Amino acid sequence: MEQAQDFLDESKALHALIAPLDDTAFGQATAFKGWTINDVLRHLHYWNWMAWLQLNDEALLVAQMKEIARAGGMRPVETAHVDGAAGQALVALWRAQAERTADVFAMADPKSRLKWAGPDMSARSSITARLMETWAHGQEVYDQLGVVRENADRIRNIVVLGINTFGWTFMNRKLDVPAPMPFVSLTAPSGAVWTYGEPSEAERIEGRADEFAQVVTQTRNISDTQLKVTGPVATQWMGFAQCFAGSPENPPAPGVRHTMMPQQ
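Here the structure is a predicted model, which is why all the values come from computation and not from measurement.

Draft legend 1. Broad picture of the environment of Met171. Within the fold, Met171 resides in helix α8 (residues 166–171). Linking Met171 and Leu61, residues 110 residues apart in sequence, is a C-alpha distance of 28 Å.

Here it is in structure tokens:
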């Protein structure tokens, strides 16, 4: 699956960013709920492993889901899974697991149905979710370190996820789904133009693909981007777009999530 390679490439890009850091740097709190860089890596590592279990040990996957419920949340289980590892020791664990997960999904049938916390999902959807989480949680690390990420066209996977969750974003908030979806025209990192939906002058979203991906993953408030949003439906959607599963989440307040000044 192309998505398995895209996930691995995104993991490698994040690894290149954090590889030069000393262990103390991983204790920095990011703008995402105060998570440290260590917290981010523990989270990514654990759920990359859980995705690997989907194809290798479904019984252990189910047992881990029960352990999360017993522990009252993910964070204690994520920390216990790596025995409290931090810094570069944690980086090594995360990088090795990302490679194992990418390898097993590369050989999987994209349409195979896999066990998960909610409804079963396809193998393609599972590894795409790992790519999305790596990219989204990576954003707070890039921001904290004062680095503007150079994106690649593999973010199209995240854009498509954002498009496909248009209706779900409204249903998740118990709102009627407006129709049709606004027209979306985005410029890819390569300069290509990606379009979705039926052309419309009244309801449309235009701009950079990476900024659209930031909005649907809630790593930026729409007001902190240069996206051009036209129409009440498009405005409402971009106000609370959410491409990830779970209860409704609100995007960060304007100005909260941004690239920090580079550390001296």
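Draft legend 2. Expanded view of the pairing of strand β3 (residues 183–187). A large share of β3 lies buried, amounting to four of its five residues. Relative to strand β5 (residues 204–208), β3 is paired through five bridges, and the arrangement is parallel. For Thr187, the partnering residue across the bridge sits in β5 and is Arg208. As judged from the four bridges shared by β3 and strand β4 (residues 193–196), these two strands associate in the antiparallel manner. Pairing of Val184 across the sheet is with Tyr196, part of β4.

Draft legend 3. Layout of unusual backbone geometry. Each neighbour pair has its own omega, and for Ala179 with Pro180 the value is -5°, a cis peptide bond. With respect to the helices and strands, Pro180 occurs in the loop between α8 and β3. One non-glycine residue with positive phi stands out, namely Asp83, at about 55°. In this structure, Asp83 sits in the loop between α4 (74–81) and α5 (87–106). For Asp83, a relative accessible area of 72% puts it in the exposed group. Positive phi values are uncommon outside glycine, yet Lys174 reaches one of about 60°. Note that Lys174 resides in the loop between α8 and β3.

Draft legend 4. Structural context of the packing of aromatic side chains. Overall, the coordinates contain eight aromatic pairs when judged by the stated rule. Look at Trp47 and Trp116: their rings are 5.7 Å apart centre to centre, the planes differ by 70°, and that puts the pair in the edge-to-face class. Taken together, the residues span a long stretch of sequence, with Trp47 in helix α2 (residues 37–56) and Trp116 in the loop between β1 (113–114) and β2 (121–122) at a distance of 69 residues. The partly exposed category is assigned to Trp116, whose relative accessible area is 21%. Each ring, one from Phe170 and one from Phe240, has its centre 5.4 Å from the other, and the planes form 75°; the classification is edge-to-face. Residue Phe170 is located in helix α8, and its partner Phe240 is located in helix α10 (residues 232–240); the two are separated by 70 residues in the primary sequence. For the pair Phe170 and Phe240, a shared accessibility class is recorded, and that class is buried. Here a set of aromatic residues connected by ring pairs shows up, and it is made of Phe166, Phe170, Phe212, Trp237 and Phe240.

The rules behind each value
The residue numbering used here restarts from 1 in each chain and proceeds along that chain's sequence as written. Totals for whole chains, interfaces and linings use every residue, but because this is a predicted model, local features are given only for residues with pLDDT of at least 70 and side-chain atom pairs only at 80 or more, for both listing and counting. Heavy atoms from the whole structure form the basis of all side-chain values; hydrogens and water molecules are not counted. Each helix is a run of DSSP H or I of at least 4 residues and each strand a run of E of at least 2, with the numbering of both proceeding from the N terminus. Per-residue accessibility, obtained with a 1.4 Å probe over protein chains only, is compared with the maximum for each type, and a residue is labelled buried under 20%, exposed over 50%, and partly exposed between these values. A pair of strands is labelled paired if DSSP reports no fewer than 2 bridges between them. Two aromatic rings, drawn from Phe, Tyr or Trp (for Trp, its six-membered ring), form a pair once their centres lie within 6.5 Å of each other, and the interplanar angle then sorts them: stacked below 30 degrees, edge-to-face above 60, tilted otherwise.

Read these as layout, nothing more, since geometry by itself doesn't imply function.
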